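Observations on the model geometry
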Amino acid sequence: MTKPTSLTQQPAWQALERHYDQLKDKQLRELFADDAGRGEKLTAEGAGLFLDYSKNRVTDETLRLLLQLAEQTGVAAKRDAMFAGEKINVTEGRAVLHTALRVPKGGTVMVDGVNVVPEVHAVLDKMAAFADQVRAGTWLGYTGKPIKNIVNIGIGGSDLGPVMAYEGLKFYSQRNLTVRFVSNVDGTDLVEKTHGFDPAETLFIVSSKTFTTQETMANATSARAWLLGTLKDDSAVARHFVAVSTNAEAVSKFGIDTTNMFGFWDWVGGRYSMDSAIGLSLMIAVGPAHFQELLAGFHEMDEHFRTAPADKNLPMLLALLGVWYDDFFDAQTVAILPYDQYLSHFSAYLQQLDMESNGKHVTLEGDLVDYQTGPVIWGQPGTNGQHAFYQLIHQGTKLIPCDFIGFIQTLNPLTPHHDLLMANVFAQTEALAFGKTRQEVEADGVEAEQVAHRVFEGNRPTNTILADKLTPRILGSLIALYEHKVFVQGAIWNINSFDQWGVELGKVLASKIVPELQAGAEPDLQHDSSTNALIRRYRAGRRAE
């Protein structure tokens, strides 16, 4: 098969390089002065979200060339291949069909000649029946007590998605249930998350596709010991543990009734799995009806991404703007800044979604890239972040594009809190775009020796994403927006956004080191001198305990 044209050899890429040289010093003040309607023109809407991207360092020509780049790199065809169930995850030979998880009943998505939508809804129905029992107090523990505490045990996509969505939708949760999430293999995580719980009232959800994930199974085994330390009977495990897995043999051996095993498929990547059975803890917390609303929001954005024209397509626009800064301005990071406390885990969730997907250094064909791929993703909810790291964004030496996310209506109307919150959204994007010149600072009567310190260069790019209210539907739409943004960027960069081999090497080496740490006799260490010395120091310290 003929290799595709190298990205940097695409005509649009080379035109963008020339265009960048012409535009790089252009100020947002000038761009707005040149076009009085810019703030209304450079906007787009879809799936309940409104995007204002006018405060970006782009012109009509920039956008035209970026859209050409998407066309020349075949983004639309790659998108259609994903939705059609083609095996676009080429290194693992898998389809990529998280979008099938939210297709309504009666829909059709074919994988290897089989419509997977009925299978998806069979699992959702099973999840709903179980969630209803727990929520109603009719699922009883070993001693006959109803469940009051839910502990989700997973890691990576089996943790980050559910915990983010649980926090995001806590307003809609059933408050007589306490839901906690354990992921870190550090025993402190499990100890603190079970602290104060009565084992007779606690349900553990163990999420591991293979039921062999090292960290998850270590935590699950210790949770089992914690439970049996009180209940004393191995048969109690079946009333206090359920599994999200495909390994029935291992699940049964652990003591879980396989009737209470919820499956998923190899065409669902971990970081895209929260709307599968991985979201069982979330469904128990917020109820099946709200979970279905979440899925509807995902699907609405899926359809927008699949059908909207490129120049009005929210994921496409966000992705292209990201490529512009990443590859031409050499911006190394992107800050995700949600102005809603419920989205306190959203930036952390997007770290995995983006960085595990597009943190790649070779193309689909295995060639080294000669351009930047995925940026570092980070952020905190506003207004907390303003008193932590905004100083660097405003006056530092690094260009940091930012996404501001806000809601017109609040779920908790305390006067005047929401107006203060949203005033900061609008003020921050205005300040970042336009700054404050030396002349303006001097006009304020600032002492001469202070003037340089009070100048804001501005010209810092931002997107503003607004929705009416943080509902389950809107959260689904927002997550899918970023899922598809990541897809578009991976398609342009010609990388595989759906494998994660970079996660493996450290885990393999750790599995070799564990027995060396635990050996009675001094092991024959064959690592580098640093690692050998560290292992010996650790072993010596453990012997001294």
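None of the values given here were measured: they were computed from a predicted structure. (Residues numbered from 1 in each chain as written. Predicted model: local features only at pLDDT ≥ 70, side-chain atom pairs only at ≥ 80, totals over all residues. Heavy atoms only, no water.)

**Quick word on the overall build of the protein**
Operational definition: Comment: elements are numbered from the N terminus, with helices defined as DSSP H or I runs of at least four residues and strands as E runs of at least two. Atoms counted for the radius of gyration: C-alpha only. Globule rule: 2.2 Å times residue count to the power 0.38. Categorising residues by exposure relies on relative accessible area from a 1.4 Å probe, with only protein chains included: less than 20% of the type maximum marks a residue as buried, more than 50% marks it as exposed, and the intermediate range marks it as partly exposed. The contact rule is simple, with two residues in contact once any of their heavy atoms fall within 4.5 Å. Here the accessible surface of atoms and residues is derived via Shrake-Rupley with a 1.4 Å probe, and residues count as covered only by protein chains that are part of the display.
Scanning the protein from N- to C-terminus turns up 22 helices and 13 strands. Taken over the C-alpha trace, the protein has a radius of gyration of 25 Å; the compact-globule value for 545 residues is 24 Å, and the two agree within 12%. In terms of its C-alpha atoms, the protein occupies a principal-axis envelope of roughly 75 × 60 × 60 Å. Going through the 545 residues of the protein one by one, you find that 52% of them count as buried. Nonlocal contacts in the protein, meaning residues at least 24 apart in sequence, comprise 73% of its contacts between residues at least 6 apart. For the protein, the computed accessible surface area is about 23,800 Å², with 52% contributed by carbon and sulfur atoms.

**Comments concerning the packing of helix α13 (residues 288-307) against helix α20 (residues 472-493)**
For clarity, the cut-off: Angles here are taken between N-to-C directions and fall from 0 to 180 degrees, while the axes themselves are lines fitted to C-alpha atoms, restricted in helices to the stretch in contact. Any angle between 65 and 115 degrees counts as roughly perpendicular, while under 35 counts as roughly parallel, over 145 as roughly antiparallel, and the rest as oblique. The handedness criterion is simple: a crossing whose near helix is rotated anticlockwise from the far helix by less than a right angle is left-handed, and one whose near helix is rotated clockwise is right-handed. Residues are grouped as follows: Ala, Val, Leu, Ile, Met, Phe, Trp, Tyr, Cys and Pro are nonpolar; Asp, Glu, Lys and Arg are charged; every other residue, Gly included, is polar.
Direction vectors running N to C along α13 and α20 enclose 40°, while the axes themselves pass 7 Å from each other. Classified by the angle between their axes, α13 and α20 sit oblique to one another. Handedness of the α13/α20 crossing: right-handed. Here α13 contributes His-290, Glu-293, Leu-294, Gly-297, Phe-298, Glu-300, Met-301, Asp-302 and Phe-305 to the contact with α20, which in turn contributes Pro-472, Arg-473, Leu-475, Gly-476, Ser-477, Ile-479, Ala-480, Leu-481, Glu-483, His-484, Phe-487 and Val-488. Of the residues assigned to the contact of α13 with α20, the class counts are eleven nonpolar, five polar and five charged.

**Digging into the sheet that holds strand β5 (residues 149-153)**
Spelled out, the test is: Whether two strands pair depends on DSSP finding at least two bridges between them.
Taken together, five strands build an open sheet; the order of strands is β6-β5-β7-β8-β9 and the sheet is parallel. Among the strands making up the open sheet, the edge pair consists of β6 (178-182) and β9 (261-262). With five bridges connecting them, β5 and β6 associate as parallel partners. By the bridge assignment for β6, Asn-149 is matched with Thr-178. Of the strands in this sheet, β6 and β7 (202-207) touch helix α8 (residues 187-194), which is tilted by about 175° from β6.

**Describing the domain arrangement of the protein**
In many reports, interface size means the accessible area that the parts give up when they come together. Quick note on the threshold: In this document the domain limits rely on a domain assignment from an automatic tool or a database.
According to the domain assignment, the protein contains domain 1 (37-73 + 308-493), domain 2 (98-291) and domain 3 (508-544). Taken over C-alpha atoms, the centre of domain 2 sits 35 Å from the centre of domain 3.

**Regarding the UniProt feature "active site" (unreviewed entry) in the protein**
The criterion, for reference: UniProt positions are given in the numbering used here, feature names are shortened, and annotations may be inferred rather than shown by experiment.
In the numbering used here, UniProt assigns the "active site" (unreviewed entry) feature to Glu-356, His-387 and Lys-507. Spatial dispersion of the annotated residues is evident: they stretch over 152 residues in sequence, and the largest pairwise C-alpha distance comes to 36.8 Å. Tracing the backbone shows His-387 in the loop between β11 (376-378) and α16 (390-395). By the element assignment, Lys-507 lies in helix α21 (residues 504-518). You can call Lys-507 partly exposed: its relative accessible area is 37%.

**Concerning the nonpolar core**
Worth spelling out the cut-off: Residues belong to a common nonpolar core when they are buried Ala, Val, Leu, Ile, Met, Phe, Trp, Tyr or Cys residues joined through side-chain atoms within 4.5 Å.
Trp-267, Ile-284, Trp-324, Phe-346 and Tyr-482 are the most contacted members of the largest nonpolar core, which totals 125 residues. Summarising the domain contributions, this core has at least three residues from each of domain 1 (37-73 + 308-493) and domain 2 (98-291). If you look at the next biggest cluster of nonpolar residues, it comprises 23 residues, including Val-151, Phe-211, Leu-228 and Ala-243.

**Description of the pairing of β7**
Among the six residues in β7, six count as buried, and that is most of the element. Of the two faces of β7, the one lined by Thr-202, Phe-204 and Val-206 and the one lined by Leu-203, Ile-205 and Ser-207 are each fully buried. Note that β5 and β7 share five bridges and pair parallel. Along β7, the bridge assignment pairs Ile-153 with Val-206.

**A closer look at the pattern of salt bridges**
Quick reminder of the rule: The term salt bridge refers to a pairing of a side-chain nitrogen on Lys or Arg with a carboxyl oxygen on Asp or Glu at a separation within 4 Å.
Taken as a whole and judged by the stated rule, the model has 25 salt bridges. When the shortest N-O distance is used, the salt bridge between Glu-300 and Arg-473 registers 2.6 Å. Note that Glu-300 is positioned in helix α13 and Arg-473 in helix α20, a separation of 173 residues in sequence. Given the relative accessible area of 32%, Arg-473 is considered partly exposed. Residues Arg-539 and Glu-522 are paired through a salt bridge, measuring 3.7 Å at the closest nitrogen-oxygen approach. Of this pair, Arg-539 sits in helix α22 (residues 529-543) while Glu-522 sits in the loop between α21 and α22; the two residues are 17 residues apart in sequence, bridging distant segments of the chain. When its relative accessible area of 5% is taken as the criterion, Arg-539 is described as buried. Relative accessible area serves as the criterion here: at 46%, Glu-522 is assigned to the partly exposed category. Each member of the salt-bridge network shares a partner with another, and the members are Arg-102, Asp-275, Asp-302 and Glu-483.

**Some points on the packing of aromatic side chains**
Rule in force here: Two aromatic rings from Phe, Tyr or Trp, using only the six-membered ring of Trp, form a pair when their centres are within 6.5 Å; if the ring planes differ by under 30 degrees the pair is stacked, by over 60 it is edge-to-face, and anything between is tilted. Criterion for a charge above a ring: Lys NZ or Arg CZ within 6 Å of the ring centre, and within 35 degrees of the ring normal.
If you walk through the whole model with that rule in mind, you get 26 aromatic pairs. With a centroid separation of 5.7 Å and an interplanar angle of 45°, the aromatic rings of Tyr-272 and Phe-498 are classed as tilted. On the criterion of sequence distance, the pair formed by Tyr-272 in the loop between β9 and α12 (280-286) and Phe-498 in the loop between α20 and α21 is long-range, its members being 226 residues apart. The class for Phe-498 is buried, based on a relative accessible area of 10%. An aromatic cluster of at least three residues, connected via ring pairs, comprises Trp-13, Tyr-20, Trp-324, Tyr-325, Phe-328, Phe-329 and Tyr-371. Directly above the aromatic system of Phe-254 lies the positively charged group of Arg-224, at a separation of 5.7 Å from the ring centroid.

**Concerning unusual backbone geometry**
Between Gly-382 and Thr-383 the backbone carries a cis peptide bond, its omega angle lying at 10°. Position of Thr-383 relative to the elements: it lies in the loop between β11 and α16. Residue Pro-416 is bonded to the preceding Thr-415 through a cis peptide linkage, with omega at 0°. Considering the arrangement of structural elements, one finds Pro-416 in the loop between β12 (402-407) and α17 (417-434). Backbone geometry places Asp-112, a non-glycine residue, at a positive phi of 50°. Secondary-structure assignment places Asp-112 in the loop between β3 (110-111) and β4 (114-115). Note on Asp-112: relative accessible area 62%, which makes it exposed.

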